[in-house]
Amino acid sequence: MQSVITAAGTIAALTAALVLYDEAQDVNGGFQKTKEVANDVSSADENPTLLYVAVPEGGANNAPVVLVLHEFFGLLQREAELCDELAREGFVAVAVDLFQGRSTRLVPRAIFLAVNNCLRPGATWGQSEVEAGLKHAAALGADVTRAGVIGFCVGGGAAARFAANTGAVRSLGVFYGKPLDDEAQAEALARTKTSVWAAYGGRDNQFSASDVDAYERLLTNASVPEVCFERYPEEGHAFVRDLATVRAGTGAASDAWCSCVAFLKRTLQGVGTGAA
């Protein structure tokens, strides 16, 4: 028993030291934390959620919405830049903080944040925070009847669960996120006629090719109205690293991003469908 207590104390001390070191790196290394990246906060909430909001040149009024959910490092400059790209395409883009203001660039702490907020049994996957982001977009005058949600890594899993559990979005985009494994959730997407797009790397060390195939079958068998899975055989996990890879014009990251944006423009703006 004493050895267990000692081990627990050591783990707690190491965790505390890791957090202190991480915070020191934030201050001294020029690393922008979530509270520095966020430019807005959800309104009319008891516990406001930090947001990064980007609005089209023509303003938010009646524009479609895309909610952007971050990787396990937290809401960072990367998500802000991707929101700016979406705004240039005519969307009100809202990046939502799922980690209550916490962010990191250290993988061990990122794993802790992801497990604590999303992956542990009973976790909410940030559903209330994402709902707050959508409400905020509505308060800006955006058209939330034309809303989509996309997510990366842990945010991809959160996006899928938000879409399935709430029925609040027309379109779901998943970049290498934890697959749904519940038939009821897939059937919920079918009932709300939510279109699904997803991208996975063939060398992803978290989700195997068979995992991805099973995810696609789950959605197809549930009669989700549109299921589009893009596979990149030579890529691993988290291959959409930053805005530079997206803007490169070549490679998997650029291809996946452009494919997702085209999907969002078609399903939320009617571009290429003949719809208004």
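Source: prediction; values computed, not measured. Throughout this document, residue positions are counted from 1 along each chain, in the order its sequence is written. Reporting in this predicted model follows two pLDDT cut-offs: at least 70 for local features of residues, and 80 or more for side-chain atom pairs to be given and counted; totals over whole chains, interfaces and linings ignore these cut-offs and use all residues. With hydrogens and water stripped out, all remaining heavy atoms of the structure feed into the side-chain values.

### Points about the overall build of the chain
So, step 1. Only DSSP runs of H or I reaching four residues or more are called helices, and only runs of E reaching two or more are called strands; each is numbered from the N terminus. Each helix and strand counted, the chain has ten helices and eight strands in total.
So, step 2. Across the 276 residues in the chain, those meeting the buried criterion constitute 50%.
So, step 3. The contacts of the chain with a sequence gap of at least 6 include a subset with a gap of at least 24, amounting to 71%.
So, step 4. Of the roughly 12,500 Å² that the chain leaves accessible, carbon and sulfur atoms contribute 53%. Each residue is placed in one exposure class: buried if its accessible area under a 1.4 Å probe, protein chains only, is under 20% of its type's maximum, exposed if it is over 50%, and partly exposed if it falls in between. Here, two residues are considered to be in contact whenever any of their heavy atoms come within 4.5 Å of each other. The Shrake-Rupley method, run with a 1.4 Å probe, gives the accessible areas here. Residue values count only the displayed protein chains as cover.

### A few points about a negative patch on the surface
So, step 1. Here the term patch refers to residues with relative accessible area over 30% and no salt bridge, with like charges joined within 9 Å and nonpolar side chains (Val, Leu, Ile, Met, Phe, Trp, Tyr) within 5 Å. Any Lys or Arg side-chain nitrogen found within 4 Å of a carboxyl oxygen on Asp or Glu counts as a salt bridge. Here Asp and Glu are counted as negative and Lys and Arg as positive; His is not counted, and neither are the chain ends. Where a charge lies is defined by one atom per residue type, namely NZ (Lys), CZ (Arg), CG (Asp) and CD (Glu). There is a patch of like negative charges on the surface, built from D181, D182, E183 and E187.
So, step 2. You can see D182 is positioned in the loop between β6 (171-175) and α7 (183-191).
So, step 3. According to the relative accessible area criterion, D182 is partly exposed, its value standing at 33%.

### A word on the sheet that holds strand β3 (residues 64-69)
So, step 1. For two strands to count as paired, DSSP must find a minimum of two bridges between them. Here eight strands make up an open sheet; going across it, the order is β1-β2-β4-β3-β5-β6-β7-β8 and the pairing mixed. At either margin of the open sheet sits one strand with a lone partner, and together these are β1 (40-41) and β8 (227-232).
So, step 2. In this fold helix α3 (residues 77-88) packs onto β2 (50-54), β3, β4 (92-96) and β5 (143-152), with an angle of close to 35° to the strand it touches most, β2.
So, step 3. Sheet contacts for helix α5 (residues 127-139): β1, β2, β3, β4 and β5; angle to β3, the most-contacted strand, approximately 150°. Fitted lines through C-alpha atoms serve as axes, helices being fitted only where they are in contact, and the angles separating the N-to-C directions of these axes extend from 0 to 180 degrees.

### Re the pairing of β5
So, step 1. Buried residues dominate β5, accounting for eight of its ten residues.
So, step 2. Alignment of β5 against β6, held across five bridges, turns out to be parallel. In the sheet register, G151 faces β6, and the bridge partner there is V174.

### As for the pattern of salt bridges
So, step 1. Inspection of the entire model under this criterion finds ten salt bridges.
So, step 2. Through salt bridges with shared partners, a single network forms among E71, R78 and E79.

### Comments concerning the packing of aromatic side chains
So, step 1. Two aromatic rings, drawn from Phe, Tyr or Trp (for Trp, its six-membered ring), form a pair once their centres lie within 6.5 Å of each other, and the interplanar angle then sorts them: stacked below 30 degrees, edge-to-face above 60, tilted otherwise. In total, this model carries eleven aromatic pairs according to the counting rule given.
So, step 2. Pairwise contacts between aromatic rings join F152, F175, Y176, W197, Y232, F239 and W257 into one cluster.
So, step 3. One residue, R78, lies across the ring of F152, its end atom 4.3 Å from the ring centre.
So, step 4. Put simply, a charge is over a ring when the Lys NZ or the Arg CZ is close to the ring centre, within 6 Å, and near the line of the ring normal, within 35 degrees. Over the aromatic face of W125 sits the side chain of R161, whose NZ or CZ is 4.4 Å from the ring centroid.

### Considerations on helix α4 (residues 107-119)
So, step 1. Multiplying one less than the number of residues by 1.5 Å gives the expected span of a helix. Relative to the 18 Å expected for 13 residues at 1.5 Å per residue, α4 spans just 15 Å between its end C-alpha atoms, considerably shorter than the ideal helical length.
So, step 2. Every buried residue belonging to α4 is among R109, A110, L113, A114, N117 and C118, and all of these are buried. The buried residues of α4 all sit within an arc of 135° when viewed along its axis, so they share a single face. Arc, as used here, means the arc of the directions from the helix axis to the C-beta atoms.

### Side note on the confidence of the model for the chain
So, step 1. Across the chain, each position has a pLDDT score giving the predictor's confidence in that residue, from 0 to 100. When pLDDT is averaged across the chain, the result is 90; 87% of the residues are at 70 or more.
So, step 2. Across residues 11-17, where pLDDT falls below 50, the model places zero contacts with residues more than four positions away in sequence or in other chains.
So, step 3. Here residues 24-29 is modelled with pLDDT under 50, and outside its nearest four sequence neighbours on either side it reaches eight contacts, counting other chains as well.

### Focus on the environment of N117
So, step 1. Within the fold, N117 resides in helix α4.
So, step 2. With 19 residues separating them in the primary sequence, N117 and L98 have C-alpha atoms 7.3 Å apart.
So, step 3. Non-local contacts of N117, meaning those with residues more than four positions away in its chain, are made with L98, F99, Q100, A123, T124, W125 and G126.
So, step 4. Whenever two N or O atoms come within 3.5 Å, that pair is a polar contact, provided that in protein one can donate a hydrogen and the other can accept it, and provided that, for residues adjacent in sequence, both atoms are side-chain atoms. Polar contacts involving the side chain of N117 include one to the main-chain carbonyl oxygen of L113, which spans 2.8 Å.

### Regarding the packing of α5 against helix α6 (residues 154-166)
So, step 1. Look at α5 against α6: their axes get within 10 Å of each other, and the N-to-C directions meet at 75°. Classed by the angle they form, the pair α5 and α6 counts as roughly perpendicular. Facing α5, whose interface residues are Q127, V130, E131 and L134, α6 presents F162, N165 and T166.
So, step 2. When residues are grouped by polarity, Ala, Val, Leu, Ile, Met, Phe, Trp, Tyr, Cys and Pro land in nonpolar, Asp, Glu, Lys and Arg in charged, and all others, Gly among them, in polar. Across the contact of α5 with α6, the residue classes tally to three nonpolar, three polar and one charged. Throughout, the term roughly parallel applies to angles under 35 degrees, roughly antiparallel to angles over 145, roughly perpendicular to angles from 65 to 115, and oblique to all others.

### Focus on helix α10 (residues 252-269)
So, step 1. With 18 residues, α10 should cover 26 Å at 1.5 Å per step; its first-to-last C-alpha distance of 25 Å lies within 8% of that length.
So, step 2. A positive backbone phi angle near 75° is found at G270, which sits one or two residues after α10.

### Some remarks on unusual backbone geometry
So, step 1. With a phi angle near 55°, Q100 is a residue other than glycine that sits in the positive phi range.
So, step 2. Note on placement: Q100 falls in the loop between β4 and α4.
So, step 3. Relative accessible area serves as the criterion here: at 42%, Q100 is assigned to the partly exposed category.
So, step 4. Here the phi dihedral of C153 falls at roughly 60°; this positive angle occurs in a residue that is not glycine.
So, step 5. Among the structural elements, C153 can be located in the loop between β5 and α6.

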